[in-house]
Amino acid sequence: QVQLVESGGGLVQAGGSLRLSCAASGSIVSIGAMAWHRQAPGKQREWAATITGGGSTHYADSVKGRFTISRDNAKNTVYLQMHSVKPEDTAVYYCNARVISRGYTAMDYWGKGTLVTVSS
């Protein structure tokens, strides 16, 4: 029983900044990799950024240099700091986490998404 809840989405002007959060709760021993994906209107869902359990970060070319993924393990939370946003960043942003539960079993969980709209 694990839930991921995203927050922080909203309307932002092109060139502006926004910070997304995703908090995991429930039966959690630890969390491995966490990631952000996004789905723009009429497009397939695409991967945007990952942070491993060890803190290594990886970014899609489309967001690299503008977005920063981070995590707070004490809060079971992953963040996506977005700078210099572009209209093409408009999408529903979803968080994903590999959750290790009791018995050291791992499962992937997804949040329901938060909408980011970038105005031009």
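Residues numbered from 1 in each chain as written. Predicted model: local features only at pLDDT ≥ 70, side-chain atom pairs only at ≥ 80, totals over all residues. Heavy atoms only, no water.

## Concerning the overall build of the protein chain
Alright, step 1. Of the regular secondary structure elements, the protein chain holds zero helices and 11 strands.
Alright, step 2. The N-to-C order of helical and strand elements in the protein chain reads β-β-β-β-β-β-β-β-β-β-β.
Alright, step 3. Relative to the globule expectation of 14 Å for 120 residues, the C-alpha radius of gyration of the protein chain, 14 Å, shows essentially globular dimensions.
Alright, step 4. Referenced to the eigenvectors of the C-alpha coordinate spread, the extents of the protein chain come out at roughly 50 × 25 × 25 Å.
Alright, step 5. Across the 120 residues that make up the protein chain, the buried fraction comes to 42%.
Alright, step 6. Long-range pairs, those at least 24 residues apart, make up 54% of the contacts in the protein chain with a sequence separation of at least 6. (Helix = DSSP H or I, 4+ residues; strand = E, 2+ residues; numbered from the N terminus. Rg over C-alpha atoms; globule rule 2.2 N^0.38 Å. Buried < 20%, exposed > 50% of the residue type's maximum accessible area, 1.4 Å probe, protein only. Contact = heavy atoms within 4.5 Å.)

## Brief notes about the sheet that holds strand β1 (residues 2-7)
Alright, step 1. Within the open sheet, the four strands sit side by side as β1-β3-β8-β7. Their pairing is antiparallel. Pairing within the sheet leaves two strands with one partner each, and these edge strands are β1 and β7 (67-72). Here the strands of the sheet are splayed against their neighbours by 15° on average, with no regard to which way each runs.
Alright, step 2. Pairing of β1 with strand β3 (residues 18-26) involves six bridges; the strand directions are antiparallel. Across the sheet, residue L4 finds its bridge partner in β3, namely A24. (Pairing = 2+ DSSP bridges. Axes fitted to C-alpha atoms, helices over the stretch in contact; angles between N-to-C directions.)

## Notes on the nonpolar core
Alright, step 1. One finds W36, L80, M82 and Y93 to be the most contacted residues of the largest nonpolar core, which totals 29 residues.
Alright, step 2. Of the residues forming this core, the biggest block, five residues, is contributed by strand β9 (residues 91-100). (Core = buried A, V, L, I, M, F, W, Y, C linked by side-chain atoms within 4.5 Å.)

## Here's the deal with unusual backbone geometry
Alright, step 1. Backbone geometry at N76 places phi at a positive 50°, although glycine is not the residue there.
Alright, step 2. With respect to the helices and strands, the residue N76 is situated in the loop between β7 and β8 (77-82).
Alright, step 3. With phi around 60°, Y104 is a residue other than glycine that occupies positive phi space.
Alright, step 4. Position of Y104 relative to the elements: it lies in the loop between β9 and β10 (106-110).

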